[in-house]
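Residue-level structural notes
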Amino acid sequence: MSKPTFTKISQNETRIDYKGNKFMLVEQDRGVYGMGRAIQLYLMKGFEKEHIKEIGWTKGDGFNTSNSDMKDACITRLTTLDECKKAAIKYIDAII
């Protein structure tokens, strides 16, 4: 099995080279007034990003980060970027 390579592209973007594909983790404002921060997983197709899954939240907004509101996320609690990286790889393994 190939080992993922993580490359920080900018303050909010991390590229993942894994299994012959390029993915991107992007931390974006989410929730009430954009006060929360969520990590999105994208598949890179050239310069185009195809959204795959919301991985988890790194900062709550005080409203939308309860487990019931995050039921579609892979991680249903507040976490760190490193934990989101692990969850992204686990998710990629499940879909590829």
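See above for the structure.
Residues numbered from 1 in each chain as written. Predicted model: local features only at pLDDT ≥ 70, side-chain atom pairs only at ≥ 80, totals over all residues. Heavy atoms only, no water.

Here the focus is the side chain of Gln40. Within the fold, Gln40 resides in strand β4 (residues 36–45). A relative accessible area of 1% means that Gln40 is categorised as buried. Beyond its immediate chain neighbours, meaning those up to four positions away, Gln40 contacts Met24, Leu25, Val26, Gln28, Arg30, His51, Lys53 and Glu54. (Helix = DSSP H or I, 4+ residues; strand = E, 2+ residues; numbered from the N terminus. Buried < 20%, exposed > 50% of the residue type's maximum accessible area, 1.4 Å probe, protein only. Contact = heavy atoms within 4.5 Å.)

With that settled, consider the sheet that holds strand β3 (residues 21–30). Read across the sheet, 5 strands follow the order β1-β2-β3-β4-β5 without closing on themselves; strand pairing throughout is antiparallel. Of all strands in the sheet, those with a lone pairing partner are β1 (5–10) and β5 (48–59), marking the two edges. Neighbour to neighbour, the strand axes of the sheet diverge by 25 degrees on average, direction disregarded. Note that β1 and strand β2 (residues 13–18) share 5 bridges and pair antiparallel. Note that in β2 the partner of Ser10 across the bridge is Glu13. Against the sheet, helix α1 (residues 81–95) makes contact with β1, β2, β3, β4 and β5, and its axis sits at roughly 135 degrees relative to β5, the strand it touches most. (Pairing = 2+ DSSP bridges. Axes fitted to C-alpha atoms, helices over the stretch in contact; angles between N-to-C directions.)

Now for the nonpolar core. Core analysis: the largest hydrophobic core is formed by 13 residues, its most contacted members being Ile16, Phe23, Leu25, Leu41, Ile55, Ala88 and Ile92. Every element with two or more residues in this core is listed here: β2, β3, β4 and α1. In terms of residues, this core owes the most to one element, α1, which gives 5 residues. (Core = buried A, V, L, I, M, F, W, Y, C linked by side-chain atoms within 4.5 Å.)

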